[in-house]
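Reading the structure
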Amino acid sequence: LTLQCTITRTATTTTATPRDTAPAATNGRRDMRSTTGNNSLFRKLAVAVSFAWVNIVAWHLSNNGQDLLGDPTTAISWLSFMADGGMSSGVGLVTTDGMWEESPGDKYKDQDIKILGFTDKNYLPIARVWYNRLTLLGYTEHHIVAHDEHSYNALSSDDFRVIPCFIKNPDYAHPVKGLWQQIMSARLHLTMDLLRNGTHLLITDVDNIFSRHVPLYGFLEEGYDVYHAYEMRYPTFIYDQFGFVICSGHQFLRSSPEAIRFMDVVMKSCSGKKCDDQVTYNKVFFRELNIKWDNIDNPNHAGALRVNTTHPENNNLLVESVTGRSLLTNHTVKIWDRDFAWRLAGAIPEYCPSMNNWLGMPTKLDDAMTGDGNKVYKKIAAFGIWDKHCRIERD
């Protein structure tokens, strides 16, 4: 793997000093100051506009020129949603993660925090939808990492915040075993470089659908080094042994010595070669970190909350957040509630999350919902499906 990346840091001071003690153990439930600011009229209008915009993009990408998702003006019904409504969750737990105030004052003004989504020329239309949605939701720290010059030039010419990280020897002949694993490996390398440069990172896939603005300083205030989302069952050999897996496609990493030690272990497992980062993270997480969990022996215990469904991929998946510390690296860990970072196969609208949800990572949506089209077309369609069924119609 040959990379050419440009690393910059926008803040002026170094990251927080190492902590000798973990955040207070809360049995996976660490609540911060709650606010209704995230239910403001602006946020609702932003999602409504985003919904309409996704319709326009889907129209241009469709084969027959017909509007994929119907009349986008119906998105304005979002404005009727009240702050005290929608508090039920298809996964059985309404999250309180991410419910902190919009502004911390000057406490974190010198901390460099970036949201990174990654694309090559094949995923460029999705990356544009992802970026514009975050802008509408009020984010200002999101960047697209471009893995080829075509993507970089197209995005930079339209004034997107874009970071060049070119794969100089792309293996287009092997889309999965070649190019895709090169991109996953590049993501690991850039993550490590930026953490060492003092930047806190939210690493996320560009087909992840953000529902609301969660100020990222809150994850620094909450105090854990690395935050993960629950995956479903991949890699299955890990799931079958341990009963859950974490998602490499959405995680927050603090620029701390402990988090960097964790990433050192991950990088050694990848060894700089092409690798599946989902497999790599989970092998390290379960087989090397030796995590001591707060107040429980194991997240996969008999009394754990689980998704209750007959769907073979979703049934019995863990729901509730857990926290702990690695005895190998000393870094602290939190896995978010599934209601906060939602990941299921299909399951829309029956298992939609609550209105406190931060983002959805839907997969394997039925063709009857997405319509006919290629992979990129269907992933863009998922944005509108998410808004229509899991946001607008939740009021």
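Residues numbered from 1 in each chain as written. Predicted model: local features only at pLDDT ≥ 70, side-chain atom pairs only at ≥ 80, totals over all residues. Heavy atoms only, no water.

**Quick look at the nonpolar core**
In this structure, Phe219, Phe285 and Trp358 are the most contacted members of the largest nonpolar core, which totals 101 residues. With eight residues, helix α7 (residues 257-270) is the largest single contributor of residues to this core. The contact partners of Trp358, leaving out residues within four places of it in the chain, are Tyr139, Leu202, Ile209, Phe210, Ser211, Arg212, Val214, Leu216, Phe219, His250, Trp336 and Phe340. Within the second largest apolar cluster, five residues are counted, among which are Ile167, Leu179, Ile183 and Met184. (Core = buried A, V, L, I, M, F, W, Y, C linked by side-chain atoms within 4.5 Å. Buried < 20%, exposed > 50% of the residue type's maximum accessible area, 1.4 Å probe, protein only. Helix = DSSP H or I, 4+ residues; strand = E, 2+ residues; numbered from the N terminus. Contact = heavy atoms within 4.5 Å.)

**A short note on the sheet that holds strand β12 (residues 341-342)**
Strand order in this open sheet of three strands is β6-β13-β12, and the pairing throughout is mixed. The two strands at the open ends of the sheet, each matched to only one other strand, are β6 (209-210) and β12. As paired strands, β12 and strand β13 (residues 359-360) are joined by two bridges and run parallel to one another. Bridge pairing links Ala341 to Leu359 in β13. (Pairing = 2+ DSSP bridges.)

**Structural notes on the state of the cysteines**
The full count for this structure, using the stated rule, is one disulfide. Disulfide pairing places Cys352 opposite Cys390 at an S-S distance of 1.9 Å. When the S-S torsion is -65°, as for the bridge of Cys352 with Cys390, the disulfide is left-handed. In this pair, Cys352 sits in the loop between β12 and β13 while Cys390 sits in helix α10 (residues 375-391), placing the two residues 38 residues apart along the sequence. Residue Cys352 is classed as buried on the basis of its relative accessible area of 0%. (Disulfide = S-S within 2.5 Å.)

**Some details on helix α2 (residues 124-136)**
For α2, built from 13 residues, the straight-helix expectation of 18 Å at 1.5 Å per residue is met to within 8% by its first-to-last C-alpha distance of 19 Å. Of all the positions in α2, only Leu124, Ile126, Ala127, Val129, Trp130, Tyr131, Arg133 and Leu134 are classed as buried. Looking one or two residues past α2, Gly138 carries a phi angle of roughly 105°, positive in sign. (Expected span 1.5 Å × (residues − 1).)

**Considerations on the packing of aromatic side chains**
Applying the stated rule across the entire model yields 23 aromatic pairs. Between Phe219 and Trp336, the ring centres sit 5.6 Å apart and the planes meet at 55°, which makes this aromatic pair tilted. On the criterion of sequence distance, the pair formed by Phe219 in helix α5 (residues 217-222) and Trp336 in the loop between β11 (332-335) and β12 is long-range, its members being 117 residues apart. Each member of the pair Phe219 and Trp336 is classed as buried. On the numbers, 6.2 Å between centres and 50° between planes, the contact of Phe285 with Trp293 is tilted. Assessed through its relative accessible area of 11%, Trp293 is described here as buried. Three or more aromatic residues joined by ring pairs form one cluster here, namely Trp100, Tyr139, Phe210, Phe219, Tyr224, Tyr227, Phe252, Trp336, Phe340 and Trp358. When the ring centre of Phe118 is taken as origin, the NZ or CZ atom of Arg187, which lies over that ring, is 5.6 Å away. (Phe/Tyr/Trp six-rings, centres within 6.5 Å; stacked < 30°, edge-to-face > 60°. Lys NZ or Arg CZ within 6 Å of the ring centre and 35° of its normal.)

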